[in-house]
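A structural walkthrough
Here is how the chains run, residue by residue.
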Amino acid sequence: MTPKEVLKLIDEQSIQFIDYKFQDFPGTWQHFSVPAHHLHADTFEDGIGFDGSSIRGWQAINESDMLVLPDPTTAFVDPFLKLPTLSLTCSILDPITKQPYTRDPRNVASKCVDYIKSTGIADTIHFGPEAEFFVFDHVRFSQEANYALYEVDSSEGIWNSDSDDGCANLGHRPRHKEGYFPVPPTDSLQDMRSEMVATLLDIGVDVEAHHHEVSTGGQCEIDMRFAPLLRMADQLMIYKYIVKNVARRHGKTATFMPKPIFGDNGSGMHVHSSLWKKDKPIFAGDGYAGLSQTALHYIGGILKHASALIAFCAPTTNSYKRLVPGYEAPVNLAYSQRNRSAALRIPMYSPSPKAKRVEFRCPDASCNPYYAFSAIAMAGMDGILNKIDPGEPMDKDLYDLAPEEVANIPQVPGSLEGAIQALEDDHEFLLKGDVYTEDVIETWISYKREVEIDALRLRPHPYEFFLYYDC
């Protein structure tokens, strides 16, 4: 939409409120609303002022004034609010200079798109994430000085097979690692996922498929059709918003936390990407798996910088409960066609050049998509510009390799701390074109260390009592 079309939509649908949405530094949507009559055509050029001092990772209290600049192309009528409300996703400006705020994730993604165009290699980079999530019936958690607990529960959970809570136990629950593609009644979330998809389609997000995922306890996946980087990052935020609110409408709770259940597969977000120029794909060729040399160099860049990338793509301490051997997690930094045990995969479903893409399997949906997609793109571009050789592909089942073979394959970092250290040591490729700034990198590193890594390290873990109380 254009600003003029947005204003026309407000009149036609009797919109009462405008909801301005934007992302905080770690990657969660924030918002505030104004009466609809306060939105004018010049708002799309001048922005709206707000206090940025309480937004995580942003301004100090003495520099709190900021501007949100709504993007008319992101407009949709919110399907969950009682009064007619139009949602607009915003970028952030400095109110004095009117320049894009460097710590705004959306501005980083915009600069990444501009940088790719400036190289002359491509004019578009498409992304297609496969974001997995859990739907639970109940969750509780607490952390105090003298106790810590968490509990999630699901009527689908195999652990409820012997429950006797006064209601009929009708069985039909997916066993651990056996939740992939069962029909109802074992898949009890079909109607809910269909409602999520219908809601996404209604507001203009194209969806290709939905299904139950591998884990017991309500793991699901909805696949969006690929789109340009900035648009897809916007859509992933909409996707998470829709999933959580439809689940809530059904009296359930959805989470994109990577590993909420012990002993079963976690939730990942396999990210497909491809470069295009003048509406033609440039990853197709006559090389390995039908790839061009450009695509192979792109893979080389991602493999070279993978450990640093993961600081943005798997950015929580919980992410590394998922990235462990034995649960179909891509811990091996290798590439292959078809092989899902490699960190980078070239899907072989279609011979069409337009379908040729690279799938990076390490990310999860706890990430900030603007930062994660931009980091992947910058690593791939570094590979292309410097002609980085990805080495030989690995077409064996990496889960069944002998220990001496595994020892020769680089692994993902074993913790968020390791990934953050890798980012600190290797981030020059992110600074090209001023896409990321040193300030963004330094703030990300310090935030993760102080707010998440150190905070978790200081607290006793419940399992430590099992291990050590009698020592």
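To keep things clear, this report deals only with the structure shown in the data block. Small disclaimer: the values here were computed from a predicted structure and weren't measured.

Basis of the calculations
Residues numbered from 1 in each chain as written. Predicted model: local features only at pLDDT ≥ 70, side-chain atom pairs only at ≥ 80, totals over all residues. Heavy atoms only, no water. Core = buried A, V, L, I, M, F, W, Y, C linked by side-chain atoms within 4.5 Å. Buried < 20%, exposed > 50% of the residue type's maximum accessible area, 1.4 Å probe, protein only. Helix = DSSP H or I, 4+ residues; strand = E, 2+ residues; numbered from the N terminus. Contact = heavy atoms within 4.5 Å. 1 Å grid on protein atoms, 1.4 Å probe; cavity = no way out; pocket = protein on both sides within 12 Å on 5 of 7 lines; lining within 4 Å. Points joined across faces, edges and corners; volume = space filled by probe spheres on them. Arc of directions from axis to C-beta. Salt bridge = Lys/Arg side-chain N within 4 Å of Asp/Glu carboxyl O.

A separate point is the nonpolar core. Generally speaking, a soluble globular protein has its nonpolar side chains buried in company with each other. If you look at the biggest cluster of nonpolar residues, it comprises 122 residues, and the most contacted ones within it are Ile18, Tyr239 and Tyr436. It is helix α6 (residues 293–313) that provides the largest number of residues to this core, a total of 13 residues. With near-sequence residues (within four places) excluded, tyrosine 239 lies in contact with Ala131, Phe133, Leu200, Glu221, Ile222, Met224 and Phe256. One finds Ala334, Ala342, Leu401 and Ile409 within the second-largest nonpolar core, a separate group that totals five residues.

Unfilled space is identified by rolling a water-sized probe across the atoms. If you walk through the whole model with that rule in mind, you get one cavity of 30 Å³ or more. For the largest cavity, the calculated volume is near 40 Å³. As for the largest cavity, its lining consists of Val135, Phe136, Asp137, Ser154, Ser155, Glu156, Ser188, Leu189, Gly218 and Lys252.

For helix α1 (residues 3–12), the set of buried residues is Val6, Leu9 and Ile10. The buried residues of α1 occupy an angular sector of 100° when the element is viewed end-on, so they sit on one face. Opposite the buried face of α1, by more than 90 degrees, sit the exposed residues Lys4, Lys8, Asp11 and Glu12. Structurally, α1 contributes buried residues whose contacts are with β1 (17–23), α2 (43–46), β5 (76–77) and β6 (85–93). Of the residues flanking the end of α1, it is serine 14, one or two places downstream, whose phi is positive at about 50°.

Tallying each qualifying case throughout the model produces 20 salt bridges. The salt bridge involving arginine 106 is made with aspartate 71; its shortest N-O contact spans 2.7 Å. One end of the pair, arginine 106, is in helix α3 (residues 105–119); the other, aspartate 71, is in the loop between β4 (65–70) and β5, with 35 residues separating them in the sequence. For the pair formed by arginine 106 and aspartate 71, the shared burial category is buried. Close ionic contact of aspartate 382 with lysine 432 constitutes a salt bridge, the shortest N to O distance being 2.5 Å. Of this pair, aspartate 382 sits in helix α8 (residues 369–385) while lysine 432 is found in the loop between α11 (428–431) and α12 (438–457), placing the two residues 50 residues apart along the sequence. The exposure class of aspartate 382 is buried, given its relative accessible area of 7%. On the basis of relative accessible area, lysine 432 is assigned to the partly exposed category, the value being 29%. Connected via shared salt-bridge partners are Asp19, Lys21 and Asp78.

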